[in-house]
Amino acid sequence: MTHICPVSRPRQIRLSLVAPSGSGKSTAANLLTSTFEATGLRVAVLKIADPLYRLQDSFYRIAQAPLAPGAQDQILLEMIATQLRRIDPGALALDFERRLADCDADIVLNDDLRDDETDAPRLRALGFRFIRIATREPVRIERLAGRNDPSIIEESPLDRQIARIPVDYAVGNSEPGTEALSRQLRLLADHLMASHPSQEVLA
Amino acid sequence: MSDLFCVFGPFGVRTDETCVAGSLDLVRVPEPDPGAAGACIDLRRCQAGNITAERVPLALVRDGEILALAMRIDAHRVHFWAPPSLPVAASLADLSELEQTLRNLFQRHHLALNNFECNQHFPETDQIVTRSWIMDRPLSPSALLPALLEVCETQIPGVMLHPGQELFRLLRRVTVLEPLGGDALVRLARGGRRKKPAWDAPLWTVETFTARGSIWSRQSAEHLVQDLRPYDGPAAVAAVLMRDTAIRVLGEAEEATCRIGLESLETGTLFQFDISRMRGPGGSATIADLRAVASRSPGPISGKECGALCDALQRAMPTTFTTRPIEGEGLPHAIPSLFHPASLRGVS
């Protein structure tokens, strides 16, 4: 008779940071990563738009134009996303789901959700909880200007879709520096870890 | 101080219509009670006679000088208002000159005079919730309304429907939030009856509840402006922009309210009687609130008068359902129980 030892592991906490460009999603993702890792949890950041960034890099490589690491040519990225969705509205979500299935981190963070019609419902069905990063508009515009992106769209149609995504949590990020945001994210992390089903038994 | 007189005359003086000449007369009146927006005189305290279309209060004069214009005439009270920016006082030789002066003043200030509610300031934070009831069965306020209006109008002595605020219907969507790391609940609704600072400035009604044992109490209510342009957004965004604090969204509820305005004939105290039905993820609830909004008499609102009105309303509630009045230090509110099923409703 084969005796199967049940092995338990924590269920994955899946969080999606939702906000218009310049609100501080990447900053919040970095702070949350640090907070969770300090407790010994493993964190992975998965971007829905990962294929778009790969295509952006290809465009700039073909054009032999420089592109700083992490820089976003927003006009180009939105054009690529629009055409990709025209071909298959679920293409980005499907690619994301494949990468998620291969990810065994304790915490999965996503910080680039924008589409409310296809991507948001799909992520909700995958167990993601949505955290809205709220920033006062003048502060957000100032941050965008200081980011040195090759192109900026201050009022993007894609950002408008974000307003329609129902959220589970929200934090404010209008103060200078990261202290206020960090404090709120620590409270959020404590709440998530305290309320998350901690163990599932694998037979 | 010399005597104060109220000028009575045809209503047509206010609207600059042709009137019978020589139709003004002066009636000595007591010194007015100070009010939120100006002076208020109880006509029952002077020999003013009956008010008709040909004989309405128009202005207050002393020593031949106009001090204030009549802004609003209720059943027994006249509210007077002195324009803040333009001089009202005018020396008058005789009543014929007085009539023309009054016509000019009413025309010049007709907008301010017509906006009674805008000149009366009833901040909700100052409202006293005297009693709440939770109905045992969820009921539609609209279905209760005809019976309740008749009861308020005819069966409760010493109270009348407040002119101009007899009935309001409110329909709104409220979001219930929980600030992380605390023990409060926040209820947020877009819009409010307060005047907005600007025509396109969105206004939010924010109420905070805290729990004491099993009873949730409303601690504060305020109206805040939070602009969510250019993208708009859910109430949670407005909440964290008002105060940088992490929050959890517990859910949304639809709230339908019928509001009846009542006025005490004895003291002029204004009351709001709300019947609200809320539907949230935990179910639905119908609650009634009686709030003392403002007093038109000097001094605080009489607790004895509030209690008497509460008792009269409770006796007058339709008998097709039972009610449980809830009192105590910090009145509870049913909304938190729709989102925290473990919370118990207060029982008297």
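The rules we used
Residues numbered from 1 in each chain as written. Chains lettered and ligands numbered in written order. Predicted model: local features only at pLDDT ≥ 70, side-chain atom pairs only at ≥ 80, totals over all residues. Heavy atoms only, no water. Salt bridge = Lys/Arg side-chain N within 4 Å of Asp/Glu carboxyl O. Helix = DSSP H or I, 4+ residues; strand = E, 2+ residues; numbered from the N terminus. Buried < 20%, exposed > 50% of the residue type's maximum accessible area, 1.4 Å probe, protein only. 1 Å grid on protein atoms, 1.4 Å probe; cavity = no way out; pocket = protein on both sides within 12 Å on 5 of 7 lines; lining within 4 Å. Points joined across faces, edges and corners; volume = space filled by probe spheres on them. Nonpolar A, V, L, I, M, F, W, Y, C, P; charged D, E, K, R; others polar. Expected span 1.5 Å × (residues − 1). Bend = angle between axes of the 7 residues up to and from the residue. pLDDT = per-residue confidence, 0-100. Contact = heavy atoms within 4.5 Å. Buried area = accessible area lost by both parts, 1.4 Å probe. Polar contact = N/O pair within 3.5 Å; in protein donor to acceptor, adjacent residues only side chain to side chain. Pairing = 2+ DSSP bridges.

A.B. asks: With reference to specific residues and values, describe the pattern of salt bridges.
C.D. replies: Residues and elements named next belong to chain A. Across all of its chains, the model carries 20 salt bridges over all chains by this definition. Among the salt bridges present, the one from Asp168 reaches Arg124, with a minimum N-O distance of 2.7 Å. Of this pair, Asp168 sits in the loop between helix H7 (157-162) and strand E6 (169-172) while Arg124 sits in helix H5 (residues 119-125), and the two are 44 residues apart along the sequence. The class for Arg124 is partly exposed, based on a relative accessible area of 32%.

A.B. asks: Outline the layout of surface pockets, listing residues and values.
C.D. replies: Residue and element names in this part refer to chain A. Considering only enclosed or pocket space, the largest pocket measures out at about 560 Å³ in volume. Lining the largest pocket are 32 residues, and of these Ser21, Lys25, Tyr53, Gln72 and Arg114 lie nearest its centre. Considering each element in turn, the lining of the largest pocket owes the most residues, five residues, to helix H3 (residues 74-87). Here the lining of the largest pocket is built from residues that sort into ten nonpolar, ten polar and twelve charged.

A.B. asks: Describe helix H4 (residues 141-154) of chain B, and please don't skip the residues or the numbers.
C.D. replies: All names here are of chain B. Counted at 1.5 Å a residue, the expected span for H4 with its 14 residues is 20 Å, and the 19 Å between its end C-alpha atoms agrees. Ala147 marks the point of greatest bend in H4, at about 30°. Of all the residues in H4, the buried ones are Pro141, Leu144, Leu145, Leu148, Val151 and Cys152.

A.B. asks: Now, about the confidence of the model for chain B: what can you tell me, with residues and values included?
C.D. replies: Residue and element names in this part refer to chain B. Here chain B shows a mean pLDDT of 71. Residues at 70 or above account for 64%. Element-level pLDDT for chain B is lowest in helix H3 (residues 116-119), with a mean of 52, against a maximum mean of 87 in strand E1 (residues 4-9). Counting contacts from residues 193-200, a segment whose pLDDT is below 50, to residues more than four positions away or on other chains yields 15 contacts. In the model, residues 327-332 has pLDDT below 50 throughout and makes 17 contacts with residues more than four positions away in sequence or in other chains. Taken over the whole predicted complex, pTM reads 0.65, whereas the ipTM for its chain interfaces reads 0.80.

A.B. asks: Please give an account of the interface of chain A and chain B that cites residues and values.
C.D. replies: Interface size is commonly expressed as the accessible surface area that is lost when the partners come together. Listed by partner, the interface residues are 28 residues for chain A and 18 residues for chain B. Carbon and sulfur atoms make up 62% of the surface buried where chain A meets chain B, a total of about 1,800 Å² over both sides. Applying the counting criterion to the chain A and chain B interface returns zero salt bridges. Counting across the chain A and chain B interface gives five residue pairs in polar contact (both at pLDDT 80 or more). Within the residue set of the side of chain A that touches chain B, elements represented by two or more residues are strand E5 (129-134), helix H6 (137-145), H7, E6 and helix H8 (179-195) of chain A. Per element, the largest residue contribution to the side of chain A that touches chain B is six residues, and it comes from H8 of chain A. Its residues placed into classes, the side of chain A that touches chain B shows ten nonpolar, seven polar and eleven charged. With two bridges connecting them, E6 of chain A and strand E14 (residues 247-264) of chain B associate as antiparallel partners. Pairing of Ala170 of chain A across the sheet is with Ile247 of chain B, part of E14 of chain B.

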